[in-house]
Amino acid sequence: MSRPAKVVINLSALRHNFSRIRTLAPDSKIMAIVKADAYGHGIVHIAQSLEHADAFGVACLEEARELRQAKIQQRIILLEGPYAGEELSEISELGLDIVVHDISQVEMLEQTQVCKPQAGKQIDVWLKIDTGMHRLGFLPESVNQVITRLQQTNSVKEFRLMTHLASANDRDNPMTSEQIRCFNQISENHNVEKTIANSAGIMAFPDAHVDWVRPGIMLYGVSPFTDSQDPQQGLQPVMTLQSRLITVKQLKAGDAVGYGATWRCPEDMSVGVVAAGYGDGYPRHAKSGTPVLVNGKRAKLIGRASMDMLTVDLRTQPQAKTGDPVVLWGEGLPVEDIANYADTIPYEVLCAVHKRLEFSYGEG
Ligand SMILES: *Cc1c(COP(=O)(O)O)cnc(C)c1O
């Protein structure tokens, strides 16, 4: 038998989440964000299953190339734009769009000017405006000047305008409305397509929907909010990390469990060993008490996570035995909970899933 740790990807949950986005933002086109191997889910399978997405957003040329090799036809946007002028010929061969956020990228485009632009070789640009996040983008006062330069550059086909929200996952933070206001003020004179919202913007700020929305984490069934009463927000988890108990043992009060002997049995009890660990991407910092589903019921992680193994407290189910199924996150156990216990965010937990695992794609 092969190693019991596996990733199961539920493509109907993915499509359910996609249609939730359509319902929330019915008048916007959807740029599905599939960077970082689709947040660890496998970029090609995810893109192929999102046949109704209007575009895909990726971080870099390598990811875009993988999508084109898999015959993905939709618009693909390089969210950080080109890193060097040499990338532009492949970008235009592959028919990719670029984000332009730095003046060096404007120069790259100007330097590839040709006397007679070949039809179909020009590049669509998404001009990024920094409305307050202060990571990527042009400051508001320089935007008009950059637009003028792009309009004079014949390697550029059309341009669109975008910005990124810094705090939309905190519904009460006044920064988001301020960013939206700033973006609208700059962009209102330009009759081009616009985009503002990530998942949190889609869910909490309808004013941010505009022409295009850019969902990432919510596609994968994870809420961007940390404070919510309803953690799932009508979304369904796409990824389940599962494994099995590979042994169950009876320990005595005072016995230590795992590396560093950080956890001791408070009483005579049974302890299970799960075949999965940080070598699979399970967060090593998950604390004792992190929930784990054994036979569909919650049990607690105890002691330190090892590279290929985890130990669980089986006092809640003394009948559990070797071979029983375990879920580490996903269906029945939100990855949000695991992230909380590991002092991180679900984004990081999902992206860290290791490619050594067997992935299976199905309809759930
Ligand atoms: C990653 C990313 C998104 C998606 O963010 P989520 O919070 O996962 O929805 C949207 N826009 C840009 C520019 C991004 O880099």
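Residues numbered from 1 in each chain as written. Predicted model: local features only at pLDDT ≥ 70, side-chain atom pairs only at ≥ 80, totals over all residues. Heavy atoms only, no water.

Colleague: Please clarify how the overall build of the protein chain should be interpreted in this entry.
Modeller: From N to C terminus, the protein chain includes 11 helices and 18 strands. C-alpha atoms of the protein chain, sized along the principal axes, occupy 80 × 45 × 35 Å. Within the protein chain, the proportion of its 364 residues that are buried is 52%. If you take every contact in the protein chain between residues at least 6 apart in sequence, the share linking residues at least 24 apart comes to 66%. (Helix = DSSP H or I, 4+ residues; strand = E, 2+ residues; numbered from the N terminus. Buried < 20%, exposed > 50% of the residue type's maximum accessible area, 1.4 Å probe, protein only. Contact = heavy atoms within 4.5 Å.)

Colleague: Before we go on, may I ask you to explain the pattern of salt bridges in this structure?
Modeller: Oppositely charged side chains can pair when the atoms bearing their charge come close. Going through the model one piece at a time under the given rule, you end up with 22 salt bridges. One salt bridge in this structure joins Glu193 and Arg160, with 2.7 Å as the shortest N-O distance. Of this pair, Glu193 sits in the loop between helix 8 (175–187) and strand 8 (194–195) while Arg160 sits in strand 7 (residues 156–162), and the two are 33 residues apart along the sequence. For Asp313, the salt bridge goes to Arg315, with nearest N and O atoms at 2.7 Å. Salt bridges here are not isolated pairs; linked through shared partners, they connect Lys29, Arg75, Asp97, Asp124, Glu158, Arg160 and Glu193. (Salt bridge = Lys/Arg side-chain N within 4 Å of Asp/Glu carboxyl O.)

Colleague: What is the right way to read the pairing of strand 10 (residues 239–251) from this model?
Modeller: Of the strand pairs in this sheet, strand 1 (residues 6–10) and strand 10 are connected by 4 bridges, and their pairing is antiparallel. Within strand 10, the position partnered with Val7 by the bridge is Leu241. Here strand 10 runs beside strand 17 (residues 325–329); their pairing, made up of 4 bridges, is antiparallel. What sits directly across from Ser243, in strand 17, is Val326. (Pairing = 2+ DSSP bridges.)

Colleague: Can you help me understand the site of the ligand in this one?
Modeller: Around the ligand, the structure places 13 residues, and the nearest of them are Lys35, Tyr39, Ser199, Ile217 and Tyr347. At a separation of 2.5 Å, an oxygen atom of the ligand approaches a polar side-chain atom of Ser199. Of all the cavities here, the one that holds the ligand is the largest pocket. For the shell around the ligand, the per-class residue count stands at 6 nonpolar, 4 polar and 3 charged. (Near = heavy atom within 4 Å. Polar contact = N/O pair within 3.5 Å; in protein donor to acceptor, adjacent residues only side chain to side chain. 1 Å grid on protein atoms, 1.4 Å probe; cavity = no way out; pocket = protein on both sides within 12 Å on 5 of 7 lines; lining within 4 Å. Sits in = over half its atoms within 2 Å of the grid points. Nonpolar A, V, L, I, M, F, W, Y, C, P; charged D, E, K, R; others polar.)

Colleague: Honestly, the layout of surface pockets in this entry has me stumped. Any pointers?
Modeller: To find leftover empty space, a probe the size of one water molecule is rolled over the atoms. Of the volumes computed, that of the largest pocket is approximately 990 Å³. Around the largest pocket sit 39 residues that line it, and Lys35, Tyr39, His164, Asn198 and Tyr347 are the ones nearest its centre. The set of elements that each furnish at least two residues to the lining of the largest pocket consists of helix 2 (35–39), helix 9 (199–204), helix 10 (335–341) and helix 11 (346–351). Here the lining of the largest pocket is composed, by residue class, of 21 nonpolar, 11 polar and 7 charged. Taken domain by domain, the makeup of the lining of the largest pocket includes at least three residues from each of domain 1 (11–223) and domain 2 (239–362). (Points joined across faces, edges and corners; volume = space filled by probe spheres on them. Domains from an automatic or database assignment.)

Function-wise, these values are silent; they only describe arrangement.
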